[in-house]
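The residues making up each chain are set out below.
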Amino acid sequence: MGGSQALEQIAGYNEDIGTMCTYCNKATSTSDHIRWECEFFKSVRTEIDEELANIPHQLIPCSLKNDIAPAMKADGRKTYWGTDFRNDTDSKVKKLLGGNLELQTPGSNLQKTEERQAALDIIEDSTMANLNARQIMLKHKAAHGSGGNLDFPDSEEIRDSMIGYPDSYNVEIYGDGSYTTPTIWWAALAGYGVCLL
Ligand SMILES: [Zn+2]
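Residues numbered from 1 in each chain as written. Predicted model: local features only at pLDDT ≥ 70, side-chain atom pairs only at ≥ 80, totals over all residues.

**A look at the overall build of the chain**
Then, number 1: What the chain contains, in helices and strands, is 10 helices and 0 strands.
Then, number 2: In the chain, the succession of α and β elements from N to C terminus is α-α-α-α-α-α-α-α-α-α.
Then, number 3: Burial statistics for the chain: of 197 residues in total, 4% are counted as buried.
Then, number 4: A sequence separation of at least 24 residues applies to 18% of the contacts in the chain between residues at least 6 apart. (Helix = DSSP H or I, 4+ residues; strand = E, 2+ residues; numbered from the N terminus. Buried ≥ 20, exposed ≤ 12 C-beta atoms within 10 Å, placed from the backbone. Contact = placed C-beta atoms within 7 Å.)

Structure representation (structure tokens):
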């Protein structure tokens, strides 16, 4: 027992143990201190991952420090797990932890700016709060744009259009994978609709 426990925890049930860090003798021995702050292990932390070692660990939630990934949301003004950045947070650290203001930045043209705003609207929509990524995608999977009023031929026009074509006429058209490529003329009408999708 206690292999990864900080002295402060052990002292809670063992009075022979003091709470001062025995590695640096400068601070209370908490798990955060040992893993993220203790000078004694600084070179080890830096060697493993310099960028991570230099992050103010207060920005990282306890769950993540213990290898449990929290739910993430792409609000680029905060960390992946929703913590606000401190005013003095370095821009590289922000980026590593999820900071990304691309959606808040106007695009290179009006369409891109509108697309970014539409994405922001989804992120900020409170009805999306309890949905996972797949559910959100399904909810928003729909046609975009104004569309148009299509004119489809009636049976008479179809018949007229088929005059002069043999039954074996191979239509050069492709479906969405639901059907094989039509080999007879009338079947091409279904393909016409598929192409518009
Ligand atoms: Zn220490």
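Let's pick the thread back up.
**Notes on unusual backbone geometry**
Then, number 1: With a phi angle near 55 degrees, Asn-25 is a residue other than glycine that sits in the positive phi range.
Then, number 2: With 9 C-beta atoms packed within 10 Å, Asn-25 lands in the exposed category.

**Describing the confidence of the model for the chain**
Then, number 1: Per-chain confidence: the chain averages 79 in pLDDT, with 79% of residues scoring 70 or above.
Then, number 2: The weakest mean pLDDT in the chain belongs to helix α10 (residues 188-196) at 48; the strongest belongs to helix α3 (residues 42-48) at 93.
Then, number 3: With pLDDT under 50 throughout, residues 190-197 is counted as low confidence; its partners more than four residues away or in other chains account for 7 contacts. (pLDDT = per-residue confidence, 0-100.)

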